[in-house]
Amino acid sequence: MKEQKVTMEEGTEELCHGFYRNLIQDPNLFSDPTQFIPYQYDSKKVSARFQKLQSQKDRKTFYILLGNR
C-alpha cells in the first residue's frame, strides 16, 4: 500500500464544500440517537458558513488532509 502524505491546508471555500458534501454523522455520537436527523448538504448554507468564518478576522480555518482528499 502506498503511503499517503498528511498535510494541513488553509481553509478555502472549495475545501469547506468538500468536507460538508461528504459529511456522514454518526447518530451514536449524539446524547439521544433517536432524535438524530441526518445531515443534508446544502451548497448555499455551506457557502454562508464559509463566508461567516472568513469574516472573523481573529480566526483561521485549516483542514487536515490525507493525500489529496
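One can find the structure itself at the top, above this paragraph.
Residues numbered from 1 in each chain as written. Predicted model: local features only at pLDDT ≥ 70, side-chain atom pairs only at ≥ 80, totals over all residues. Heavy atoms only, no water.

(A) Structural view of the environment of Pro33. Assignment of secondary structure puts Pro33 in the loop between helix 1 (13-21) and helix 2 (43-55). Residue classification places Pro33 among the partly exposed residues on the basis of a relative accessible area of 36%. (Helix = DSSP H or I, 4+ residues; strand = E, 2+ residues; numbered from the N terminus. Buried < 20%, exposed > 50% of the residue type's maximum accessible area, 1.4 Å probe, protein only.)

(B) Fine view of the packing of aromatic side chains. According to the stated counting rule, one finds four aromatic pairs in the structure shown. The interplanar angle of 85° and the centroid separation of 4.9 Å between the aromatic rings of Phe19 and Tyr20 together place this pair among those described as edge-to-face. For Phe19, a relative accessible area of 41% gives the class partly exposed. Chaining the aromatic ring pairs together yields one cluster made of Phe19, Tyr20, Tyr39 and Tyr63. (Phe/Tyr/Trp six-rings, centres within 6.5 Å; stacked < 30°, edge-to-face > 60°.)

(C) Quick peek at the side chain of His17. With respect to the helices and strands, the residue His17 is situated in helix 1. Other than its neighbours up to four places away in sequence, His17 contacts Tyr41, Ser43, Val46 and Ser47. (Contact = heavy atoms within 4.5 Å.)

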